[in-house]
Amino acid sequence: MVKGRLEAFSDGVIAIIITIMVLELKIPHESDLAALRLLIPTFLSYVLSFVHIGIYWNNHHHLFQAVRQVNGSTLWANLHLLFWLSLFPFVTAWMGENHFAALPVALYGVVLLLAAIRRNPVRVIAYFTLTRTLIFHHGQGSTLANALGRDFKGKLSVLIYAVTIPLAFATPWLACALYVLVAVLWLIPDRRIEKTLNS
């Protein structure tokens, strides 16, 4: 199967996810700065989630640049990733609405972990499942397999997400700071696939 429909569908779902998240930023009825101050937690959670969704979109785009075709397993693995990403509007709104309380921050970490970027030995993690499915379909010697390599940044991200879930119950703000740290790690574009394709 050609990959174009999968990419178009994924782009559409991600665009809708971002749209739903921004709709949670309710317009205040008052016209003073105090009214805007009440929106700060919701706005900060939106910015954090927007960056994370952007990182997933960017990595998804790069991933499929190294893919020639897809199969049924790839379609389901991609839907698995999109399922976890589709929960971002809920956990984002809950976290912002409750001013970064422990349980919403922990659940945010669970969604980040289950949508996790790149590899992890836990097969339920969506991005890992998608990459493994694509490598299985294209072979261990494929461009994609060579491009992904050992993936230190991805493994570190998953480790940080796993640590933040219990940490959120003790110190929610520190857990949020670690979510920001992972986002900063990934804001620098992952050039492994580009380098492999250009070599």
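Predicted, not measured: the structure shown is a model, and the values here were computed from it.

Caption draft 1: Region of interest: the packing of aromatic side chains. Inspection of every chain in the model, using the stated rule, returns 6 aromatic pairs. Here F90 and W94 contribute two aromatic rings whose centre-to-centre distance is 6.0 Å and whose plane-to-plane angle is 25 degrees, an arrangement assigned as stacked. Taken together, the residues F90 and W94, both in helix α5 (residues 88–97) and 4 residues apart, mark about one turn of the helix. Centre to centre, the rings of Y108 and Y179 are 5.3 Å apart; their planes meet at 55 degrees, and the pair counts as tilted. One end of the pair, Y108, is in helix α6 (residues 102–114); the other, Y179, is in helix α10 (residues 172–187), and 71 residues separate them in sequence.

Caption draft 2: Summary view of unusual backbone geometry. One non-glycine residue, H99, lies in positive phi territory at about 55 degrees. H99 gets classed as partly exposed once you look at its relative accessible area, which sits at 48%. Residues other than glycine seldom take positive phi values, yet F100 does so here, at roughly 60 degrees. Note on placement: F100 falls in the loop between α5 and α6.

Thresholds applied
Residues numbered from 1 in each chain as written. Predicted model: local features only at pLDDT ≥ 70, side-chain atom pairs only at ≥ 80, totals over all residues. Heavy atoms only, no water. Phe/Tyr/Trp six-rings, centres within 6.5 Å; stacked < 30°, edge-to-face > 60°. Helix = DSSP H or I, 4+ residues; strand = E, 2+ residues; numbered from the N terminus. Buried < 20%, exposed > 50% of the residue type's maximum accessible area, 1.4 Å probe, protein only.

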